[in-house]
Amino acid sequence: GQSVSGLPGDATATQTAEGTPRAEFEMDALSDRALERNAADFTAEPDEPLLSVILVDTGAAQLEIGQIEALPFPITMGVDAAADNARDLAQIYRGAGSEVALIPTLPIDGRAQDMAMALSFNIDVVPVAVAIMDATGSDFQTDRTATSEVVAAAASSGHGIVTYARGLNSSRTIAAQAGVPAG
């Protein structure tokens, strides 16, 4: 695989604020499954409960990489593909050891082919994502056409899907039928 570390273009990016080496992560350039290629190393502790934490970067406040690295547990950062600096943010968070979830921008009431094109663009903007995330619970999971396109894109790219547990949550059902990891 290809070893990637630190912030793009920053010569000191391989060290934390305290000067300790930042963990590097391996990207398997041969894997076509985004969930495998972009996943952070993780080993579950036996007999310990599992909990996933996703922080969504709204752009309102800049998170310091040191704050993220200081957390006593692994996190996933949600990155909005429509943000001007989405690609850089995703690389920064991934370089700090966090996984990244892509928050797509989809056309409202769009046709299937419009959504497919938008998803392809979004995935290209945030190439280090492990999953496609519905950040509000009503971005794609309440629209059957959008859900179908997101699941099709995830099935093709190897991303997982993150949705909210609301109602019947057909997004998870559709994802499960397509063999796409969803939660």
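Criteria and cut-off values
- Residues numbered from 1 in each chain as written.
- Predicted model: local features only at pLDDT ≥ 70, side-chain atom pairs only at ≥ 80, totals over all residues.
- Heavy atoms only, no water.
- Helix = DSSP H or I, 4+ residues; strand = E, 2+ residues; numbered from the N terminus.
- Buried < 20%, exposed > 50% of the residue type's maximum accessible area, 1.4 Å probe, protein only.
- Contact = heavy atoms within 4.5 Å.
- Areas by Shrake-Rupley, 256 points an atom, 1.4 Å probe, with all protein chains shown as cover.
- Salt bridge = Lys/Arg side-chain N within 4 Å of Asp/Glu carboxyl O.
- Pairing = 2+ DSSP bridges.
- Axes fitted to C-alpha atoms, helices over the stretch in contact; angles between N-to-C directions.
- pLDDT = per-residue confidence, 0-100.
- Right-handed = clockwise from strand over helix to strand, strands pointing away.
- Core = buried A, V, L, I, M, F, W, Y, C linked by side-chain atoms within 4.5 Å.

Moving on: the overall build of the protein chain. Counting its secondary structure elements, the protein chain contains six helices and seven strands. Taking all 183 residues of the protein chain together, the buried fraction comes to 39%. By sequence separation, contacts in the protein chain at least 24 residues apart represent 57% of the contacts at least 6 residues apart. When the accessible surface of the protein chain is totalled, it reaches about 10,300 Å², and 54% of it is carbon and sulfur.

With that out of the way, let us pick up the pattern of salt bridges. Per the stated rule, a full pass over the model turns up one salt bridge. Ionic pairing is found between Arg111 and Asp114, a salt bridge with its closest N-O pair at 3.2 Å.

Next up on the list: unusual backbone geometry. In this model, Asp47 sits at a positive phi of 65 degrees, which is unusual for a non-glycine residue. Counting through the fold element by element, Asp47 comes out in the loop between α1 (34-37) and β3 (54-57). A residue is classified by how much of its surface remains accessible, and Asp47, at 80% relative accessible area, is exposed. If you check the backbone angles, Asp109 has positive phi at about 55 degrees while not being a glycine.

With that out of the way, let us pick up the sheet that holds strand β7 (residues 160-162). Strand order in the open sheet formed by five strands is β3-β4-β5-β6-β7, with parallel pairing between adjacent strands. A single partner strand is all that each edge strand has here, and the edge strands are β3 and β7. Here the average twist between neighbouring strands, direction ignored, is 35 degrees. Two elements, strand β6 (residues 129-133) and β7, share three bridges in a ladder whose sense is parallel.

Taken residue by residue, helix α3 (residues 86-95) has Ala86, Leu89, Ala90, Tyr93, Arg94 and Gly95 as its buried positions. Gly97 sits one or two positions beyond α3 and adopts a positive phi of about 100 degrees.

Moving on: the confidence of the model for the protein chain. Here the protein chain averages 80 in pLDDT, while 81% of its residues score no lower than 70. Low pLDDT, under 50, characterises residues 1-30; the predicted model gives this stretch 45 contacts beyond four residues in sequence or across chains.

The subject of this paragraph is the pairing of strand β5 (residues 99-103). Burial of β5 is extensive: five of the five residues sit out of reach of the surface. Residues Glu99, Ala101 and Ile103 of β5 are buried on one face, and the alternating residues Val100 and Leu102, pointing to the opposite face, are buried as well. Where strand β4 (residues 76-80) and β5 come together, five bridges link them in parallel fashion. Bridge assignment links Gly78 to a residue of β5, and that residue is Ala101. Where the polypeptide runs from β4 across α3 and back to β5, its parallel neighbour, the crossover connection is right-handed. Pairing analysis gives three bridges linking β5 to β6, with the strands arranged parallel.

We now examine the nonpolar core. Formed by 33 residues in total, the largest nonpolar core has its most connected members in Tyr93, Val100, Val126 and Ile161. Mapped by element, the contributors of at least two residues to this core are α2 (65-70), β4, α3, β5, α4 (112-125), β6, α5 (144-157) and α6 (170-178). Discounting chain neighbours no more than four positions away, the residues touching Val126 are Val79, Ala81, Ala86, Ala90, Val100 and Leu102.

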